[in-house]
Amino acid sequence: MATTILAIESSCDETSASICVDGSILSNHIAGQAIHEKYGGVVPELASRAHMQNILPVVSEALKTANCRLDDLDAIAFTQSPGLIGSLLVGTQFAKSLALALDKPLIAVHHMQAHVLANLIDDPKPSFPFLCLTVSGGHTQIVLCESAAKMKVLGETIDDAAGEAFDKTAKLLGLPYPGGPLIDKYAQQGDPKRFSFPEPKIPGLNFSFSGLKTAVLYFLQNAGTSQVYKEEFLASEEEKQQFITENLEDICASVQQRIVSILLNKLQTAAIQTGIKEICIAGGVSANSGLRKAFKELGEKKNWNTYIPAFQYCTDNAGMIAVTGYYKYMAKDFSDLSVTASARASW
Ligand code: KG4
Ligand code: ZN
């Protein structure tokens, strides 16, 4: 008998639904929320309202594409944490209501664990134990994944996430939100060696990106002449804008190159410390073409087996919730209807 799972993701600003049968994804629909663009970041209240509007059509589309009826479902999986509480509550209440109405098991999924397990969606899949560098808008983590149910965070950011470093740089450059994909686009035409940005000296496997953000801020304020705050050198707004316009590609390439080197240097240290050669990346920033290329090249050099989820499973999506739900279903790891959403979650 096949196991069919409907999964719902609503932790931030994407409403997504997916159908998975025996661990294979049959549909993965994602409704984005353009409304946040004009505010330069996600507005939680607006995100919750947009999820309310999107959730029913997105779930209907996912069922239709998979040629699946509600009767066919064996369980409902949903993102329970972490994320924006108002956004999470929409998906959580929807999943609970459906599970109650259909009398089917409910499966609560941890969003960050699902990003890691997105690597188990398509072949070739990593074998356990593997390491995963999870890089998203809210998190930057190196995770040791011993099984689908057993994961340990070996290192994480002590301030900004890698995605934030991309998005905040983009904002300083006057690019719209979310700026990560635009930095990626401009970087492809630029020279990554043109400008040099500092690499923070953080002990162990933890990360820090706030210093880089400050360095970019001062660098732009000084129209490229200095990365430290020097009042006497501050460029006028016109000079700054002209500097950005003339050097946008090289600035993007240089900042991106530094973010990538910070990430991969720590990943390399984790691989040496654990002796593991099955290595994955995951999360929205793993869609970055510079990171993907450098990761593959490093893997070849170090003799790692490397894995990156398909684009549609890198940024927030319900496919990764569905596959995590499938492993939890097999382990009979169900939640009862009293389960509630949580903005923060321990591992
Ligand atoms: O995993 P995700 O979709 O949402 C969170 O859970 O945070 O990640 C979103 C982050 C944003 O910061 C976005 O700018 C970044 O992923 N991102 C990228 C690219 N595509 C998405 N950053 C750099 N290059 C990209 N191509
Ligand atoms: Zn995410």
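Residues numbered from 1 in each chain as written. Chains lettered and ligands numbered in written order. Predicted model: local features only at pLDDT ≥ 70, side-chain atom pairs only at ≥ 80, totals over all residues. Heavy atoms only, no water.

## Describing the coordination of the zinc ion (ligand 2)
Rule in force here: Because no water is among the atoms considered, metal sites can look incomplete, with donors defined as N, O and S atoms within 2.8 Å of the metal, or 3.2 Å for Na, K and Ca. Every helix listed is a DSSP run of H or I at least four residues long, and every strand listed is a run of E at least two residues long, numbered separately from the N terminus. When accessible area is computed with a 1.4 Å probe and restricted to protein chains, residues below 20% of their type maximum are described as buried, those above 50% as exposed, and intermediate ones as partly exposed.
Ligation of the zinc ion (ligand 2) by protein atoms is provided by H111 (NE2), H115 (NE2) and D316 (OD), these donors lying 2.0 to 2.1 Å from the ion. Mapped onto the polypeptide sequence, the residues donating to the zinc ion (ligand 2) form the spacing pattern H-x3-H-x200-D. Separated by 4 residues within a single helix, H111 and H115 lie in helix α3 (residues 111-117), roughly one turn from each other. For the pair H111 and H115, one class covers both residues: buried.

## Things to note about the domain arrangement of the chain
Note the following rule: Per the annotation, domain bounds derive from an automatic or database assignment of domains. The contact criterion used throughout is that any non-hydrogen atoms of two residues lie within 4.5 Å. Throughout, buried area stands for the accessible area (probe radius 1.4 Å) lost by two parts on being put together, summed over both. We define a polar contact as two N or O atoms separated by no more than 3.5 Å, with the added condition that, inside protein, one atom must be a possible hydrogen donor and the other a possible acceptor, whereas residues neighbouring each other in sequence contribute only through side-chain atom pairs.
Annotation of the chain at the domain level lists domain 1 (4-117 + 313-330) and domain 2 (127-308). Placing the centre of domain 1 and that of domain 2 at their C-alpha centroids yields a distance of 28 Å. Between domain 1 and domain 2, the residue contacts involve 14 residues of the former and 19 residues of the latter. Overall, the association of domain 1 and domain 2 removes approximately 1,300 Å² of surface from exposure, summing both partners, and the carbon and sulfur fraction of that is 75%. Per-residue buried area on domain 1 facing domain 2 is highest for M112, V116 and C314; these three make up 43% of the total on that side. Between the two partners, domain 1 and domain 2, sit 1 residue pair in polar contact (both at pLDDT 80 or more). When residues in the side of domain 1 that touches domain 2 are grouped by element, the largest group, 5 residues, is from α3.

## Some words on the environment of A7
Structurally, the position occupied by A7 is in strand β1 (residues 4-9). Accessibility expressed as a relative area gives 0% for A7, which makes it buried. Separated by 26 residues in the primary sequence, A7 and Q33 have C-alpha atoms spaced 19 Å apart. The residues touching A7, leaving out its near neighbours within four places in the chain, are S16, A17, S18, A77, A318, I321 and A322.

## Some remarks on the pattern of salt bridges
Note the following rule: By definition, a salt bridge exists where a carboxyl oxygen of Asp or Glu is found within 4 Å of a side-chain nitrogen of Lys or Arg.
Considering all chains together, one arrives at 13 salt bridges under this definition. In this structure, E237 and K240 form a salt bridge, with 4.0 Å as the shortest nitrogen-oxygen distance. In this pair, E237 and K240 both sit in helix α7 (residues 237-274), 3 residues apart, roughly one turn of the helix. With a relative accessible area of 46%, E237 lands in the partly exposed category. Overall, the relative accessible area of 19% leaves K240 in the buried class. In this structure, E297 and K293 form a salt bridge, with 3.4 Å as the shortest nitrogen-oxygen distance. Of this pair, E297 and K293 are both found in helix α8 (residues 289-302), 4 residues apart, which corresponds to roughly one turn of the helix. In this structure E297 comes out as partly exposed when scored by relative accessible area, which is 44%. Members of the salt-bridge network, linked through shared partners, are D160, E164, K168 and K213.

## Brief notes about the state of the cysteines
Applicable threshold: The disulfide definition used here is simple: a pair of cysteine sulfur atoms within 2.5 Å.
Applying the stated criterion to the full structure yields 0 disulfides. Note on C314: no disulfide assigned, nearest cysteine sulfur contributed by C132 at a separation of 9.9 Å.

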